[in-house]
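Listed here are the chains, written in short residue letters.
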Amino acid sequence: MLPAAPHGASPSDHAWYPATRVQQGMWVLDRDELLRPTQLVPTVVEFTGPVDHRALVSAVGRSLSRHPSLRARFRLDVKRRQVEYRTDGPPAEPGFIDAEAEGWTEEEVDNLVRALSAAPFDLAQDAPARAEIIRMGAERTLLALNVHHIIFDGVSRGMLLEDIRTLYRAAVDGVEPRLSTPPHPASVVAERTPEEIAEQVAEVVDRLRGAPAEVQLPFPRTPIAGSAESLLGASLATSLDPDTTARVMAVAAQEGCTPFMVGVALLAATLARTGPQRDFLIAFAWPGRDDPDTADVIGMFMTTVVLRVTVGPEDTWHDLLGDVRVSGMEAFVDSDVPLDAVSAALNPDRNALWPPLSPVLVNLDEAPRSVDLTPGITGRLRPLDPMFVKYDLAAFVRLEDTPDGRRLALSLDYPVNVFDTGDVKDFLNALRHSAVDLATFPENPVLEESVRPTATAPAVDLDDPAARLELVRSIWREILDTDDVADDVSFFESGGDSLLLVLLVERLGQVSGREVRTMDLFRSPTVSGQADLIAAAAEPAAAPAAGDRAALLAAARTQGGAAR
């Protein structure tokens, strides 16, 4: 977020303005070599269709030059002890590569995209944004964008992509687009007095005081031997079937909870069910765009907020959701409170730059999945590679529409050089299990699990047909509470119902480590059919784990994998 102009003055590109506290914090983080990559917001879009590359280069260039934030330069005023910025610097010029004509291989292009996504900015000299358009062929084009977080947030990314699309369509049609002049960021930020800030900080500190500043994760920190210190991350994801999703959201609606609040409740419950801690501080990102005047401004308005969640021994899922809703609303009201001031009061002995208070984050995932330039040119966002993480564990929740219905998607980002992927996968399964319990037994105490987690299940050779059959039989006996199970009789004819089917889906997925869907069990309703289903199912896969443009291009082609 860029600050307001002095009273009575109009914002000017040529003036220096003091950075906000959030931006000053990001400027400090950018000075740390380990944390520097976490301050980047890369975006890679793969377009399919006959892209007019001249028009796309023009659209990207005009967009990068239109917005004052994307031309910003920062400096440290030592005398005043403050970070400042101005917006009269030249904009970044988008690059263009015809990879097909120049003989680039797929590996070389991937190396270049990775390098572009990880290359830092000199905030004093560089425009805080860069772009490269890469023609892969007649029907395939990549757009690699990277913007520094100090002037860019999630809302800004959507605005920039929409801006590029509008300018591209106008260029193709040979017309001048109807675009308003973007407001200067300094014109849309309200200032508060130090007294007002101090009063809010005191209220937040009083509400959070007593909660542990650390979150005990239910798996050990096991740094990979010989690995370089880094915050390189990876992601694991899963989703609930439409029936379970509908049940979860119905219970949440009774308590007035949003999908984000559901994610907070599930994470806190799973941490409490798998470890000794019951009182948690959980961070989340607040967009910070309450003022309608910020709607057309690319800038850094987001703030990090912390809410407190306590899981009591007798709390039901309804109780937990209600408590999360209250805590969330309190945090929303105080979303503009400086987190560094709260952290200094609650955890004065901290010795790390980031995270300042809680090592665990929950966010609602609202990032776009597609960006269509024109009706004949579709675009999809590529997963981040490389991915850099600041938190020990970041959980993301998303409601997504699929051909078979709406699904609640859950994902976990984590540092790959610190935590074992198998441990994180087990925790993700436990998170799914919590969601099923919420959907099926909302009146039950959260800490009383309906089904034991996967760690108690015996190892089974899934390549052995006899072992698979016995595995499915044992789960049917457990769910149906009977020893009389036939291999060729359907689950419903054996005494099952829709609620028990949800438990069967979860239990089969847990003990097999394979993705099992409710619809699959409807199609394969017998023990033998489900044994075959497990054999055919694939294991859930983990998501894929500086310099000037000329140097990046050379490194991508001459150093191969070393360009990572």
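For the structure, check the block above.
Residues numbered from 1 in each chain as written. Predicted model: local features only at pLDDT ≥ 70, side-chain atom pairs only at ≥ 80, totals over all residues. Heavy atoms only, no water.

Draft legend 1. Expanded view of a nonpolar patch on the surface. A cluster of nonpolar side chains, contributed by F492, M519 and F522, occupies part of the molecular surface with about 280 Å² of accessible area. Within the fold, M519 resides in helix α14 (residues 518–523). Under the relative-accessibility criterion, M519 is labelled partly exposed at 38%. (Patch = residues over 30% accessible without salt bridge, like charges linked within 9 Å, V, L, I, M, F, W, Y side chains within 5 Å. Areas by Shrake-Rupley, 256 points an atom, 1.4 Å probe, with all protein chains shown as cover. Salt bridge = Lys/Arg side-chain N within 4 Å of Asp/Glu carboxyl O. Helix = DSSP H or I, 4+ residues; strand = E, 2+ residues; numbered from the N terminus. Buried < 20%, exposed > 50% of the residue type's maximum accessible area, 1.4 Å probe, protein only.)

Draft legend 2. How the structure looks around the packing of helix α12 (residues 465–480) against helix α13 (residues 498–512). Contact geometry for α12 and α13: axes closest at 10 Å, N-to-C directions at 140°. Between α12 and α13 lies a crossing of right-handed hand. Taken together, the residues of α13 that come into contact with α12 (itself represented by L471, V472, I475, W476, E478, I479 and L480) are L500, L503, L504, R507, L508 and V511. Here the residues of the contact of α12 with α13 are counted per class, giving 11 nonpolar, no polar and two charged. (Axes fitted to C-alpha atoms, helices over the stretch in contact; angles between N-to-C directions. Left-handed = near helix turned anticlockwise from the far one by under 90°. Contact = heavy atoms within 4.5 Å. Nonpolar A, V, L, I, M, F, W, Y, C, P; charged D, E, K, R; others polar.)

Draft legend 3. Focus on the pairing of strand β12 (residues 378–381). Here β12 shows one buried face, formed by G379 and L381, and one open face, formed by T378 and R380. In this sheet, β12 lies alongside strand β2 (residues 40–48) in antiparallel orientation, the contact comprising four bridges. Paired with F47 across the strands is G379, a residue of β12. (Pairing = 2+ DSSP bridges.)

Draft legend 4. Representation of the nonpolar core in the model. Judged by nonpolar contacts, the single largest core of 56 residues is most densely connected at L266, L267, I282, L320 and L393. Once you skip the residues sitting within four places of it in the chain, L393 turns out to touch L217, F219, L267, P359, V360, L361, L412, D413, Y414 and F427. Grouped together as the second largest cluster of nonpolar side chains are 45 residues, L40, A92, I164 and I377 included. (Core = buried A, V, L, I, M, F, W, Y, C linked by side-chain atoms within 4.5 Å.)

Draft legend 5. Fine view of the pattern of salt bridges. Under the criterion given, the structure shown has 34 salt bridges. Close ionic contact of R31 with D30 constitutes a salt bridge, the shortest N to O distance being 3.5 Å. Relative accessible area serves as the criterion here: at 41%, R31 is assigned to the partly exposed category. In this structure, the salt-bridge partner of E162 is R165, at a minimum N-O distance of 2.3 Å. Placement of both E162 and R165 in helix α5 (residues 154–173) is noted, with a separation of three residues, approximately one turn of the helix. You can call R165 partly exposed: its relative accessible area is 22%.

Draft legend 6. A look at a negative patch on the surface. On the surface, E195, E196, E199, E203 and D206 cluster together into a patch of negative charge. Within the secondary structure layout, E203 lies in helix α6 (residues 194–208). Taking the relative accessible area as the measure of exposure, E203 reaches 41% and is therefore partly exposed. (Lys, Arg positive; Asp, Glu negative; His and termini not counted. Charge placed at Lys NZ, Arg CZ, Asp CG, Glu CD.)

Draft legend 7. Region of the structure containing α13. Here α13 spans 21 Å end to end across 15 residues, near enough to the 21 Å set by a 1.5 Å rise per residue. α13 sits mainly inside the fold: 12 of its 15 residues count as buried. Within α13, the full set of buried residues consists of L501, V502, L503, L504, V505, E506, R507, L508, G509, Q510, V511 and S512. Near the N-terminus of α13, the side chain that reaches the backbone nitrogen of L500, with its oxygen 2.8 Å away, is that of D497. (Expected span 1.5 Å × (residues − 1). Polar contact = N/O pair within 3.5 Å; in protein donor to acceptor, adjacent residues only side chain to side chain.)

Draft legend 8. The packing of helix α7 (residues 242–254) against helix α11 (residues 421–440), seen in detail. The contact between α7 and α11 brings their axes to 8 Å, and the two run at 65°. Relative to α11, the crossing made by α7 is left-handed. Here T244, R247, V248 and V251 of α7 come into contact with α11, specifically with A435, V436, L438 and A439.

Draft legend 9. Representation of the side chain of R135. Within the element layout of this structure, R135 appears in strand β6 (residues 129–137). Engagement of the side chain of R135 in a polar contact is seen with the side chain of E100, the distance being 2.7 Å.

Draft legend 10. Up close: the sheet that holds strand β3 (residues 73–77). Spatial ordering of the open sheet is given by β1-β4-β3, a layout of three strands whose pairing is antiparallel. Edge positions in the sheet fall to β1 (17–18) and β3, since each of these pairs with one other strand and no more. Here β3 runs beside strand β4 (residues 82–86); their pairing, made up of five bridges, is antiparallel. Opposite R73, over in β4, you have R86 as the bridge partner.

Draft legend 11. View of unusual backbone geometry. Here D385 and P386 are connected by a cis peptide whose omega angle stands at 5°. Along the chain, the position of P386 falls in the loop between β12 and β13 (387–388). A positive phi angle is found at R81, which is not glycine, with a value near 55°. Position of R81 among the secondary structure elements: in the loop between β3 and β4. Unlike most non-glycine residues, D481 shows phi in positive territory, near 55°. Following the sequence through the fold, D481 ends up in the loop between α12 and α13.

Draft legend 12. Molecular detail of the packing of aromatic side chains. Within the structure shown, the criterion is met by 11 aromatic pairs. Considering the side-chain rings of F491 and F492, the 5.9 Å spacing of their centres and the 80° angle between planes classify their relative orientation as edge-to-face. Here F491 falls in the buried class, since its relative accessible area comes to 1%. Given a relative accessible area of 36%, F492 falls into the partly exposed group. On the numbers, 5.8 Å between centres and 20° between planes, the contact of F492 with F522 is stacked. Of this pair, F492 sits in the loop between α12 and α13 while F522 sits in helix α14, and the two are 30 residues apart along the sequence. The ring of W27 carries R31 above its face, with NZ or CZ at 4.3 Å from the centroid. The ring of W16 has R75 sitting right over it, with the charged end atom 3.9 Å from the ring centre. (Phe/Tyr/Trp six-rings, centres within 6.5 Å; stacked < 30°, edge-to-face > 60°. Lys NZ or Arg CZ within 6 Å of the ring centre and 35° of its normal.)

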